[in-house]
Each structure stands twice: as structure tokens, then as C-alpha cells.
Amino acid sequence: MNGKAAIYPGTFDPITNGHISIVNRALTIFDRLIIAILNNPQKEPLFTLEERIDMIKESLNGAPNVEVDTFDGLLVDYAVKKKANVILRGLRALSDFEYEFQMALMNRKLNRDVQSIFLMTDYKWFYISSTIIKEAASLGGDTSGLVPEIVDRRLKEKFNFAKNT
Ligand code: PNS
């Protein structure tokens, strides 16, 4: 795949409509996007890497200019390996800013050739995060409309709230 590429890194445990909004916006700017899932078992994710890859791919309906990949180690090293010099992150509310600012500056210190850029999610998704979605789902809360359908189904299965139809 050729053209200007950006890496969109994250844990994606699981992907939400907020992430999808960022992906769609990024595709109007970049020729291709590499969604890079951090392989970090220490974070004790709810979904396995394979489940997360699967849900992302299904949610994006096989978009041809999106690659779904995993990485470990330093993000800037992964970006160099993938020949991409842009790291894309989504921003919601002010609370994201401090962490994102710190990470962007550290990544810049580690490799000055890799640029961090930020896109804002649609305001409808300002209050959602993978963490809050998991908490609601674990307690039987309805997450439909906040996450892609496949994710909603998998959350209900995981927490045993699937309808017996
Ligand atoms: O979705 P998240 O959990 O906010 O994503 C965080 C992520 C994966 C982007 C970040 O933890 C990361 O880049 N980890 C890889 C190690 C690294 O390069 N860290 C930044 C410099 S210390």
C-alpha cells in the first residue's frame, strides 16, 4: 500500500464508536491508516488480541486502506518499521490532554522524525471510553449505539447478558 500513512495506536479493548469516528476522519486526510494494537498482557485486557483484531476488522467492514496490526516495544520504533512518520491519537475532553501531551513529548524525545497529531472525536462520543463501556456492560448496562454491533454482541456474551433467542 502506498501514499501517506498514519499509525493509530491504542489498546482498543474494545473499539468504540469514538475510535471509529477518528478512523473515518483520518481517512479523509491520510491515504492509509495502520491501526496498531499494543500487545501488552500486563494490562489484563478483557478481550484477547485476536478478538480485538476481529472486532476492529468487522466494524470497519474491510476498509481497503486500513491495516489492523499489533505491536510491542516502543511505538516510535514501530512507526519507523512501518515507514510511517505520523502517530494519530484521538482527543475527547480536557482530561485526555495531559496524558496525550506527555506521551507526544516523550515520543518526540525518542524520535524527532515522528510527528504526533490529534483529531477530535464527534461530540456524540465525548463521554465514552473503552473502560466506561466495559464497566457499564459488566453490570448489564446497554451499550448498543455506543460501540459497533459486533462489539455490543461480544460484550453481552462476555458478561453473559446475551439474549437467549
Ligand atoms: O489506548 P491507550 O491504552 O491509551 O494506548 C496507549 C498506547 C498504546 C498508545 C501507549 O501505551 C504506547 O504507545 N505504548 C507503547 C510503548 C511506548 O512507546 N510508549 C510511549 C513512550 S514511553
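Now for a quick tour of the structure. (Residues numbered from 1 in each chain as written. Predicted model: local features only at pLDDT ≥ 70, side-chain atom pairs only at ≥ 80, totals over all residues. Heavy atoms only, no water.)

As a further point, take the overall build of the protein chain. Scanning the protein chain from N- to C-terminus turns up six helices and five strands. In sequence order, the protein chain lays out its α and β elements as β-α-β-α-β-α-β-α-β-α-α. Its C-alpha atoms put the protein chain at 50 × 35 × 30 Å along the principal axes. Counting only residues that meet the buried cut, the protein chain has 41% of its 165 residues in that class. (Helix = DSSP H or I, 4+ residues; strand = E, 2+ residues; numbered from the N terminus. Buried < 20%, exposed > 50% of the residue type's maximum accessible area, 1.4 Å probe, protein only.)

A separate point is unusual backbone geometry. Most peptide bonds take the trans form, and the phi angle of most residues other than glycine is negative. Cis geometry is found at the peptide bond from D13 to P14, where omega equals 0°. Positionally, P14 belongs in the loop between β1 (5–10) and α1 (17–26). Positive phi, close to 50°, is recorded for F12, a residue that is not glycine. Considering the arrangement of structural elements, one finds F12 in the loop between β1 and α1. Residue F12 is classed as buried on the basis of its relative accessible area, which comes to 3%. Positive phi is not limited to glycine here, since K83 has a value of about 55°. On the secondary structure map, K83 appears in the loop between α3 (75–81) and β4 (86–91). K83 sits in the exposed class, given a relative accessible area of 73%.

Time to look at the nonpolar core. Formed by 31 residues in total, the largest nonpolar core has its most connected members in Y8, L33, I35, I56 and L88. Where this core is concerned, the elements lending two or more residues are β1, α1, β2 (32–38), α2 (49–59), β3 (66–71), β4, α5 (130–138) and α6 (149–158). Residues in contact with Y8, not counting those within four places in the same chain, are H19, I22, V23, L33, I34, I35, A36, L88, R89 and G90. Core analysis: the next-biggest nonpolar cluster, separate from the first, contains twelve residues, A5, F71, A84 and V114 among them. (Core = buried A, V, L, I, M, F, W, Y, C linked by side-chain atoms within 4.5 Å. Contact = heavy atoms within 4.5 Å.)

Moving on to the site of the ligand. Taken together, 14 residues form the shell around the ligand, and within it G10, T11, K43, L75 and R89 come nearest. In this structure, T11 approaches the ligand through a side-chain N or O atom, which is 2.5 Å from an oxygen atom. Summarising the interface, the protein chains cover 75% of the accessible area of the ligand, which totals 550 Å² for the free molecule. Placement of the ligand is best described as lying within the largest pocket. Counting residues per element, the ones that place at least two in the shell around the ligand are β1 and α4 (94–110). Broken down by element, the residue count for the shell around the ligand peaks at four residues, all from α4. (Near = heavy atom within 4 Å. Polar contact = N/O pair within 3.5 Å; in protein donor to acceptor, adjacent residues only side chain to side chain. Areas by Shrake-Rupley, 256 points an atom, 1.4 Å probe, with all protein chains shown as cover. 1 Å grid on protein atoms, 1.4 Å probe; cavity = no way out; pocket = protein on both sides within 12 Å on 5 of 7 lines; lining within 4 Å. Sits in = over half its atoms within 2 Å of the grid points.)

In the structure shown here, the tally under the stated rule is three aromatic pairs. With 5.2 Å between their ring centres and 20° between their planes, F97 and F101 make a pair best called stacked. Of this pair, F97 and F101 both sit in helix α4, separated by four residues, roughly a single helical turn. The exposure class of F97 is partly exposed, given its relative accessible area of 44%. Judged by its relative accessible area of 45%, F101 falls in the partly exposed class. (Phe/Tyr/Trp six-rings, centres within 6.5 Å; stacked < 30°, edge-to-face > 60°.)

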